[in-house]
Amino acid sequence: MHIFEAFLNRSNVVILDGALATEIERQGEDLRHKLWSAKLLIENPSLIKAVHKEYLISGADVITTCSYQATFQGFQELSIGKEEAKKLLLDSSKIAIEARHELIAENKLRDPFPLIASSIGPYGAYLANGSEYRGDYGKTVDELISFHRERLECLMKSNVDLFACETIPCSEEAKAFIKLLSEYPDSNAWITFTCKDESHISSGELFERCVSLANASQQVIAVGVNCSNPAFVDSLIKIAKRVTDKLIVVYPNKGETWDSMNHRWMPGTESVNLVDAAVLWHKSGARLIGGCCRTSPADIAALCAKLKHLQ
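Per-chain numbering applies: the sequence of each chain, read as written, is numbered from 1 onward. Only residues with pLDDT of 70 or above have their local features reported here, since the model is predicted, and side-chain atom pairs are shown and tallied only from 80 upward, although totals for entire chains, interfaces and linings are computed over all residues. As a rule here, side-chain values come from all non-hydrogen atoms in the structure, and water together with hydrogens is ignored.

1. So, the packing of helix H4 (residues 45–58) against helix H6 (residues 82–105)
The relative placement of two packed helices comes down to the angle between their axes together with the axis-to-axis distance.
Move 1: At their nearest, the axes of H4 and H6 sit 9 Å apart, and the two run at 50° to each other. The angle between H4 and H6 falls in the class oblique. For the element pair H4 and H6, the recorded crossing hand is right-handed. Along the contact surface, H4 presents Pro45, Ile48, Lys49, His52, Lys53, Leu56 and Ile57, while H6 presents Ile95, Ala96, Glu98, Ala99, Arg100, Glu102 and Leu103.
Move 2: Under the scheme applied, nonpolar residues are Ala, Val, Leu, Ile, Met, Phe, Trp, Tyr, Cys and Pro; charged residues are Asp, Glu, Lys and Arg; polar residues are all the others, including Gly. Taken together, the residues of the contact of H4 with H6 sort by class into 8 nonpolar, 1 polar and 5 charged. Between N-to-C directions, angles span 0 to 180 degrees; the directions come from axes that are lines fitted to C-alpha atoms, helices contributing only their stretch in contact. The helix and strand labels rest on DSSP assignments: H or I over at least four residues marks a helix, E over at least two residues marks a strand, and numbering proceeds from the N terminus. Our angle categories are set so that under 35 degrees counts as roughly parallel, over 145 as roughly antiparallel, 65 to 115 as roughly perpendicular, and the remainder as oblique. Should the near helix be turned counterclockwise from the far one by less than a right angle, the crossing is left-handed, whereas a clockwise turn marks it as right-handed. For this analysis, residues touch if any pair of their heavy atoms sits within 4.5 Å.

Right, here's the structure in full:
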């Protein structure tokens, strides 16, 4: 059975969660830190669990773990040893699994029960310099495989349902993930790219070419775009539909512009109506739909209310 089959049979859509980090910030945490939201794995794991529960109660079919910026290399730079780093990585999955289990025990979730996706961010997230929106870190496929391997091996032991290889800015990193995933034939993953316009990923490469790379992988069950301007998404869905029969996954930002040099959202930049846009994305062929930066549990509840009644 396809991992998403029960959800698609129910309502022809899978609702993803929204932003974790910006929701944590909204609740008062300062994430101006190289580990970003992953610092809460050390400082405040209960808040991570609380946000996961908010998204689950809002109706999300998939929640994504707080591991996007959690890497062995990043922990090492903070003098966190390998064994403690492994524990923190596994904790990211444990927290999400516990959130789901507790709500099931309280009869607040219904079958089909939500899935847990372990977030694996790009090399640029570790650099914490905005390069996941440029793809200009100059690493070969083999170097990127070496960077990601140990983290992926650790998270493979965490009993999550699938992996979210997300915010990928260049084809070399997509190739690295595809090769690594092939070493685990029973794994399931989605790959999503950051995009600079209606047809190119952040590195300037054609989105169509990158989707074709993912289409060749047996482990990649969905491909699409995240953490990008929602104005680009409908065009990107239509491009993906031309070159893949895999599920199309989209979870863009709300439309504001991020100033990576000053680490802030630019005041006065556009914010879209996510629900209205998502109806169009569903019509164009997207089946996994959620939100990234600046989206909230309220946005996901609104998506559920609208999209789970479309066929």
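2. Some points on the pairing of strand S3 (residues 115–120)
Move 1: For every residue, the accessible area obtained with a 1.4 Å probe (protein chains only) is divided by the maximum for its type, and the residue is called buried under 20%, exposed over 50%, and partly exposed between those limits. Of all 6 residues in S3, 6 are buried, a share of seventy percent or more.
Move 2: Across the two faces of S3 the burial is the same, with Leu115, Ala117 and Ser119 and Ile116, Ser118 and Ile120 all buried.
Move 3: In this structure, strand S2 (residues 62–64) lies alongside S3, joined through 3 bridges in parallel fashion. The partner of Ile63 across the bridge, within S3, is Ile116.
Move 4: Any two strands are treated as partners once DSSP identifies two or more bridges connecting them. In terms of strand pairing, S3 meets strand S4 (residues 162–168) through 4 bridges, oriented parallel. Counted as the bridge partner of Ser118 is Phe163 from S4.

3. Brief notes about the UniProt feature "binding site: Zn(2+)" (unreviewed entry) in the chain
Move 1: In this structure's numbering, the residues bearing the UniProt feature "binding site: Zn(2+)" (unreviewed entry) are Cys227, Cys292 and Cys293. Taken along the chain, the residues just named run across 67 residues; in space they keep tight, none of their C-alpha pairs more than 6.5 Å apart.
Move 2: With respect to the secondary-structure elements, Cys227 resides in the loop between strand S6 (220–226) and helix H11 (233–243).
Move 3: Setting aside residues up to four positions removed in sequence, Cys227 forms contacts with Tyr133, Thr167, Thr194, Tyr251, Pro252, Asn253, Cys292 and Cys293.
Move 4: For Cys293, the location among the structural elements is in the loop between strand S10 (286–289) and helix H13 (297–307). UniProt positions are given in the numbering used here, feature names are shortened, and annotations may be inferred rather than shown by experiment.

4. Some thoughts on the pattern of salt bridges
Move 1: In what follows, salt bridge is the name for a side-chain nitrogen of Lys or Arg lying within 4 Å of a carboxyl oxygen of Asp or Glu. All chains considered together, the criterion is met by 17 salt bridges.
Move 2: In this structure, Lys49 engages Glu102 in a salt bridge whose closest nitrogen and oxygen atoms are separated by 2.9 Å. Taken together, the positions of Lys49 in helix H4 and Glu102 in helix H6 put the pair 53 residues apart, joining distant regions of the chain.
Move 3: Relative accessible area serves as the criterion here: at 26%, Glu102 is assigned to the partly exposed category.
Move 4: The salt bridge involving Lys86 is made with Glu83; its shortest N-O contact spans 3.8 Å. Pair noted here: Lys86 and Glu83 are both in helix H6, with a separation of 3 residues, about one helical turn.
Move 5: What makes Lys86 partly exposed here is its relative accessible area of 30%.
Move 6: Salt bridges linked by common partners bring Lys49, Lys53, Glu98 and Glu102 together as one network.

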